[in-house]
Amino acid sequence: QVSLVESGGGLVQVGDSLRLSCAASGRTFSTYAMGWFRQAPGKEREFVGFINWNGGTTYYSDSVKGRFTISRDNAKNTVYLQMSSLKPEETAVYYCAADRLPGRVTVASQYAYWGQGTQVTVSS
């Protein structure tokens, strides 16, 4: 089992960059694949990106590809979401999630563990 806590959200301007962190508890963090999702008011939770257990594989939604980067530091039990060129429509609560499923996991229901989320607001 793993507990997740996101941080780093806030209010930014259009085109700004922001880095989110997701700190995990437990000694088995390095065995989990991690995902980032976001949810805007009135909308479904949306896949943002994925990183496998050792950071060797990442995968992004088309909407963020080339602007967002996911990385992880297993020694620190932390995964990061570096976001750049932010847009107003990317205002949402951002969540990290963990699971041991193999392969790219892009569906929210496939993740067993979730953080509480961190708000990102992009102002125009």
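A quick note: this is a predicted structure, and the numbers were derived from the prediction, not measured.

Engineer: I keep staring at the overall build of the protein and nothing clicks. Help me out?
Structural biologist: In terms of regular secondary structure, the protein is built from zero helices and 11 strands. The N-to-C order of helical and strand elements in the protein reads β-β-β-β-β-β-β-β-β-β-β. Taking 124 residues into account, the globule formula puts the C-alpha radius of gyration at 14 Å, and the protein, at 13 Å, falls close to it. The principal-axis extent of the C-alpha atoms belonging to the protein is close to 40 × 25 × 25 Å. Here the protein holds 124 residues, and the buried ones make up 44% of them. Intrachain contacts of the protein at a sequence separation of at least 6 include 57% that bridge at least 24 residues. In the form shown here, the protein has an accessible surface area of approximately 6200 Å², with 47% of it arising from carbon and sulfur atoms. The average position of the 12 basic charges and that of the 9 acidic charges among the side chains of the protein differ by 6 Å.

Engineer: Before we go on, may I ask you to explain unusual backbone geometry in this structure?
Structural biologist: The bulk of non-glycine residues show a negative phi, and the bulk of peptide bonds are trans. A positive phi angle, near 55°, is found at asparagine 77, a position not held by glycine. If you trace the backbone, asparagine 77 turns up in the loop between β7 (68–73) and β8 (78–83). Although it is not a glycine, serine 85 adopts a positive phi angle of roughly 50°. Within the element layout of this structure, serine 85 appears in the loop between β8 and β9 (92–99).

Engineer: Hey, could you run me through the pairing of β7 in this one?
Structural biologist: The side-chain alternation of β7 yields one buried face, formed by Phe68, Ile70 and Arg72, and one unburied face, formed by Thr69, Ser71 and Asp73. Examined bridge by bridge, β7 and β8 share six bridges and lie antiparallel to one another. Looking at β8, one finds that isoleucine 70 is bridged to leucine 81. Hairpin connection of β7 to β8: four residues between the antiparallel strands, including asparagine 77 at a positive phi of 55°.

Engineer: Explain the pattern of salt bridges to me, please; I cannot follow it from the model alone.
Structural biologist: This model, assessed by the stated rule, comprises four salt bridges. For lysine 65, the salt bridge goes to aspartate 62, with nearest N and O atoms at 3.1 Å. The exposed category is assigned to aspartate 62, whose relative accessible area is 68%.

Engineer: Looking at this structure, I do not really get the sheet that holds β7. What am I missing?
Structural biologist: Adjacent strands of a sheet pair through backbone hydrogen bonds, lying either parallel or antiparallel. Overall, antiparallel pairing links the four strands, which are arranged β1-β3-β8-β7 in an open sheet. Of all the strands in the sheet, the pair left with one neighbour each is β1 (4–7) and β7. Neighbouring strand axes in the sheet, compared pairwise and without regard to direction, differ in orientation by 15° on average.

Criteria and cut-off values
Residues numbered from 1 in each chain as written. Predicted model: local features only at pLDDT ≥ 70, side-chain atom pairs only at ≥ 80, totals over all residues. Heavy atoms only, no water. Helix = DSSP H or I, 4+ residues; strand = E, 2+ residues; numbered from the N terminus. Rg over C-alpha atoms; globule rule 2.2 N^0.38 Å. Buried < 20%, exposed > 50% of the residue type's maximum accessible area, 1.4 Å probe, protein only. Contact = heavy atoms within 4.5 Å. Areas by Shrake-Rupley, 256 points an atom, 1.4 Å probe, with all protein chains shown as cover. Lys, Arg positive; Asp, Glu negative; His and termini not counted. Charge placed at Lys NZ, Arg CZ, Asp CG, Glu CD. Pairing = 2+ DSSP bridges. Salt bridge = Lys/Arg side-chain N within 4 Å of Asp/Glu carboxyl O. Axes fitted to C-alpha atoms, helices over the stretch in contact; angles between N-to-C directions.

These figures capture arrangement, not role.
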